[in-house]
Amino acid sequence: MTILEVLKGLEKAIELGWYKFKSFDVQEYEYYEKLDNGDLNWIIPGKICALMGPCESNYDTNGLRCHTPEDYSKLFESLGIERIIRLNEK
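These numbers come from a predicted model, not from an experiment.

Engineer: Looking at this structure, I do not really get unusual backbone geometry. What am I missing?
Structural biologist: A negative phi holds for most residues other than glycine; trans holds for most peptide bonds. Its identity is not glycine, yet Asp39 carries a phi of approximately 50°, on the positive side. Counting through the fold element by element, Asp39 comes out in the loop between α2 (26-33) and β1 (40-44).

The following block contains the structure:
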């Protein structure tokens, strides 16, 4: 991606009301982007969320923290997420 593409994406997000500088919660964003906290990001706030996982156990083969479906279930409930579509093959 180029800087211009990123800026155009930001401009579109602002137009659609998906990004509001004054109300954007940086601490929440930084919290949820960490592997330990689910590694998730809102693509369309309150509608579409992207995340890594789930995993079969709480740690992957490299010893990194990973979330199981049970972990995500609690997280989804707290965020009000009701539907999940899995796009990966495994």
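Engineer: Is there a simple way to think about a nonpolar patch on the surface in this case?
Structural biologist: A contiguous nonpolar surface patch, about 390 Å² in accessible area, is contributed by Ile3, Leu7, Leu10 and Ile14. Structurally, the position occupied by Leu10 is in helix α1 (residues 3-16).

Engineer: I tried to follow the pairing of β1 on my own but got confused; where do I start?
Structural biologist: Consecutive side chains of a regular strand alternate in pointing toward one face of the sheet and then the other. Two strands pair when backbone bridges link them, and β1 and strand β2 (residues 48-51) are joined in this way by four bridges, in the antiparallel orientation. Among the inter-strand pairings, Asn41 is bridged to a residue of β2, identified as Ala50.

Engineer: Looking at this model, I keep getting lost on the state of the cysteines. Mind explaining?
Structural biologist: The term disulfide refers to a covalent linkage connecting the sulfur atoms of a pair of cysteines. Overall, the coordinates contain one disulfide when judged by the stated rule. Lacking any disulfide linkage, Cys49 is separated from the closest cysteine sulfur, that of Cys66, by 15 Å.

Engineer: Help me out: how do you make sense of the side chain of Asp71 in this one?
Structural biologist: As for its placement among the helices and strands, Asp71 is situated in helix α3 (residues 69-79). A distance of 3.0 Å separates a polar side-chain atom of Asp71 from the backbone nitrogen of Thr68. If sequence neighbours within four positions are ignored, Asp71 has contacts with Asn58, Arg65 and Cys66.

Analysis parameters
- Residues numbered from 1 in each chain as written.
- Predicted model: local features only at pLDDT ≥ 70, side-chain atom pairs only at ≥ 80, totals over all residues.
- Heavy atoms only, no water.
- Helix = DSSP H or I, 4+ residues; strand = E, 2+ residues; numbered from the N terminus.
- Patch = residues over 30% accessible without salt bridge, like charges linked within 9 Å, V, L, I, M, F, W, Y side chains within 5 Å.
- Areas by Shrake-Rupley, 256 points an atom, 1.4 Å probe, with all protein chains shown as cover.
- Salt bridge = Lys/Arg side-chain N within 4 Å of Asp/Glu carboxyl O.
- Pairing = 2+ DSSP bridges.
- Disulfide = S-S within 2.5 Å.
- Polar contact = N/O pair within 3.5 Å; in protein donor to acceptor, adjacent residues only side chain to side chain.
- Contact = heavy atoms within 4.5 Å.

By themselves, these observations are geometric and do not establish any function.
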